[in-house]
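Coordinate analysis (summary)
Listed below are the residues making up each chain.
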Amino acid sequence: MTPPDSGMQNHTEYLCVDSFIRRVVEARALGTAFELGLIDFLAENPAALFNDVRKRFKADERGLQFLLDLLKVNRVIRENGERLDFSPQFKKALKYRDLMEAKLDFANQVTADFTDLFTALISNPEWFFRNARIFDLFSYNRCFEPSPENYKQTRRWMRITTALTRY
């Protein structure tokens, strides 16, 4: 996936991903759809039946229906009878999947600190900066100790910063 180049008419087309991650609930549902492989499944099986999705993911039927309903509200998918397909807007945004996933991942990192520690950020910023988990993502000191966990964090950081830099 490459960012818009000088041959494109609209150099900011990639910003369309933001409309799918504006609200926490819808963004989390989209993140779950990526994590479960639902987005890949629907990309490989356009106009899949709900039963095909249910069989493939062996999820609780009510939970899966709830996820699909959230994705419909967020204009990720649309239903045509019993068939599921991506909306035209999401098909366009999916061209920038790397950016969308990077933003979702980063948002997940920030959300816990924001919801749990916002009062501390306002009232005691020094304590917040010492205790917020988001800064673990950017811990450069991890490069001095080789370990699977440090490699995992570094890969995550590189993926996020590479995608954000690209666009």
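The structure this text deals with has already been given above.
As the structure is a computational prediction, the values presented were derived from the model and not from experiment.

Definitions and limits used
Residues numbered from 1 in each chain as written. Predicted model: local features only at pLDDT ≥ 70, side-chain atom pairs only at ≥ 80, totals over all residues. Heavy atoms only, no water. Helix = DSSP H or I, 4+ residues; strand = E, 2+ residues; numbered from the N terminus. Buried < 20%, exposed > 50% of the residue type's maximum accessible area, 1.4 Å probe, protein only. Contact = heavy atoms within 4.5 Å. Expected span 1.5 Å × (residues − 1). Core = buried A, V, L, I, M, F, W, Y, C linked by side-chain atoms within 4.5 Å. Bend = angle between axes of the 7 residues up to and from the residue. Phe/Tyr/Trp six-rings, centres within 6.5 Å; stacked < 30°, edge-to-face > 60°. Lys NZ or Arg CZ within 6 Å of the ring centre and 35° of its normal. Pairing = 2+ DSSP bridges.

**Considerations on the environment of Q153**
Relative to the elements of secondary structure, Q153 occurs in helix α9 (residues 148-166). Exposure remark for Q153: the relative accessible area of 9% places this residue in the buried category. For the pair formed by Q153 and N10, sequence separation is 143 residues and the distance between their alpha carbons is 34 Å. With residues near it in sequence (within four places) discarded, Q153 still touches D136, L137 and R142.

**Considering the environment of L30**
Within the secondary structure, L30 sits in helix α1 (residues 24-36). Among the residues examined, L30 registers a relative accessible area of 0% and is labelled buried. Once residues within four sequence positions are removed from consideration, L30 is found in contact with F20, I21, I39, L71, V76, F90, M100 and L104.

**Concerning α1**
Its 13 residues give α1 an end-to-end C-alpha distance of 18 Å, which sits within 8% of 18 Å, the value for a rise of 1.5 Å per residue. Of all the positions in α1, only E26, A27, A29, L30, G31, A33 and F34 are classed as buried. Residues of α1 that are buried in the fold lie against α2 (38-44), α4 (61-73), α5 (88-94) and α6 (97-123). The positive-phi residue at the C-terminal boundary of α1 is G37, with phi of around 90 degrees.

**Quick look at the nonpolar core**
Among the nonpolar cores identified, the biggest contains 35 residues, and L30, L71 and F90 are the most heavily contacted of them. Contributing elements (two or more residues each) for this core: α1, α2, α3 (50-57), α4, β3 (83-86), α5 and α6. Those residues in contact with F90 that lie beyond four places of it in its chain are F20, L30, F34, I39, R75, V76 and M100. Judged by nonpolar contacts, the second largest core, of 10 residues, contains L117, A120, F128 and W157.

**A few points about α6**
Between its first and last C-alpha, α6 extends 37 Å over 27 residues, near the 39 Å set by a 1.5 Å rise per residue. The largest bend along α6 reaches roughly 75 degrees and is located at L117. The inward-facing, buried residues of α6 contact α1, α2, α5, α7 (125-131), α8 (134-137) and α9.

**Topic: the packing of aromatic side chains**
Inspection of every chain in the model, using the stated rule, returns 9 aromatic pairs. Geometrically, the ring pair formed by F128 and F129 is edge-to-face, given 5.4 Å between the ring centres and 80 degrees between the ring planes. Seen in terms of ring centroids, F128 and F135 are 6.3 Å apart; in terms of plane orientation they differ by 85 degrees. Their pairing is edge-to-face. Given the relative accessible area of 35%, F135 is considered partly exposed. An aromatic cluster of three or more residues is present, and its members are Y14, Y96 and Y167. When the ring centre of F57 is taken as reference, the NZ or CZ atom of R56 above it lies at 4.8 Å. If you follow R75 out to its NZ or CZ, it ends over the ring of F20, 4.7 Å from the centre.

**Considerations on the sheet that holds strand β1 (residues 48-49)**
Taken in spatial order, the 3 strands make up an open sheet running β1-β3-β2, and their pairing is antiparallel. Edge positions in the open sheet fall to β1 and β2 (77-80), since each of these has one partner strand only. Pairing geometry for β2 and β3, over 4 bridges, is antiparallel. When the bridges of β3 are listed, R78 appears paired with D85.

**Comments concerning unusual backbone geometry**
For A47, which is not glycine, the phi dihedral falls at a positive 60 degrees. Counting through the fold element by element, A47 comes out in the loop between α2 and β1. Although it is not a glycine, R75 sits at a positive phi angle of roughly 65 degrees. One can find R75 in the loop between α4 and β2.

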